[in-house]
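Descriptive analysis of the structure
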Amino acid sequence: MGDINSIDPAWASVRAQLRRNQPAFYELKAEGALLMDLGGDGWLLEITPDGRLLCQMGMALDDAKSLMSEGTPEDLGTDEVARQAKWYLQPAVAKFRPVLRGAGFEETSEMTEDYVATTFHKTVDFRKPDEIEQAVQWCRGRFGA
């Protein structure tokens, strides 16, 4: 996230409306992105102060290590564990990829020392809060939330 001054001034209004109308939203940081769990498969919906709607599936590398039963995962490098985590995520990502791409979402992958995530994102216009709410409802419907 950039400087707080670069955030669209309409964000506060949209954020308040979404919190009021979609009580499943929560925040990790005051005035930060709004997050919502999308069903039980681990998908997360996020609306960011810089105007992006994200649907993402991720996995902590520690969780990937615990799923790896062969050998000793603690001996593996971060890159190998990250590849395994991405492999574990593929079925869930593949299931929703066609519908998300068809709805105009772009796909990106992110790997850090701590986690791997596949994110589908698109830009939203804070001057059109009803369209954002419709997009949130659409996502919830697709993921069974």
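Everything quoted here is computed from the prediction, not taken from an experiment.

**What about the layout of surface pockets?**
- A volume near 230 Å³ is recorded for the largest pocket.
- Around the largest pocket, the lining is made up of 16 residues, and of these Glu46, Leu54, Gln56, Glu110 and Tyr115 lie nearest the centre.
- Mapped onto the lining of the largest pocket, the elements with two or more residues apiece are strand S4 (52–60), strand S5 (106–111) and strand S6 (115–123).
- In terms of residue class, the lining of the largest pocket is made up of 6 nonpolar, 6 polar and 4 charged.

**Quick word on the packing of helix H1 (residues 11–21) against helix H4 (residues 129–143)**
- Close contact between H1 and H4 brings their axes to 10 Å; oriented N to C, the two are set at 40°. Judged by the inter-axis angle, H1 sits oblique to H4. The hand of the H1/H4 crossing is right-handed. Residue-level inspection shows Val14, Gln17, Leu18 and Asn21 of H1 in contact with H4, the latter providing Pro129, Asp130, Ile132 and Glu133.

**So, a negative patch on the surface**
- A cluster of acidic residues, Asp62, Asp63, Asp79, Glu113 and Asp114, forms a negative patch at the surface.
- In this structure Glu113 comes out as exposed when scored by relative accessible area, which is 63%.

**Examining helix H3 (residues 78–102)**
- Where H3 bends most, at Gln90, the angle is about 45°, and the proline Pro91 comes one to four residues later.
- Within H3 the residues assigned to the buried category are Val81, Ala82, Ala85, Leu89, Val93, Phe96 and Leu100.
- Looking at the buried side of H3, the elements it contacts are strand S3 (43–47), S4, helix H2 (61–67), S5, S6 and H4.
- Two residues or fewer after H3 comes Gly104, characterised by a positive phi angle close to 95°.

Thresholds applied
Residues numbered from 1 in each chain as written. Predicted model: local features only at pLDDT ≥ 70, side-chain atom pairs only at ≥ 80, totals over all residues. Heavy atoms only, no water. 1 Å grid on protein atoms, 1.4 Å probe; cavity = no way out; pocket = protein on both sides within 12 Å on 5 of 7 lines; lining within 4 Å. Points joined across faces, edges and corners; volume = space filled by probe spheres on them. Helix = DSSP H or I, 4+ residues; strand = E, 2+ residues; numbered from the N terminus. Nonpolar A, V, L, I, M, F, W, Y, C, P; charged D, E, K, R; others polar. Axes fitted to C-alpha atoms, helices over the stretch in contact; angles between N-to-C directions. Parallel < 35°, antiparallel > 145°, perpendicular 65-115°, else oblique. Left-handed = near helix turned anticlockwise from the far one by under 90°. Contact = heavy atoms within 4.5 Å. Patch = residues over 30% accessible without salt bridge, like charges linked within 9 Å, V, L, I, M, F, W, Y side chains within 5 Å. Areas by Shrake-Rupley, 256 points an atom, 1.4 Å probe, with all protein chains shown as cover. Salt bridge = Lys/Arg side-chain N within 4 Å of Asp/Glu carboxyl O. Lys, Arg positive; Asp, Glu negative; His and termini not counted. Charge placed at Lys NZ, Arg CZ, Asp CG, Glu CD. Buried < 20%, exposed > 50% of the residue type's maximum accessible area, 1.4 Å probe, protein only. Bend = angle between axes of the 7 residues up to and from the residue.

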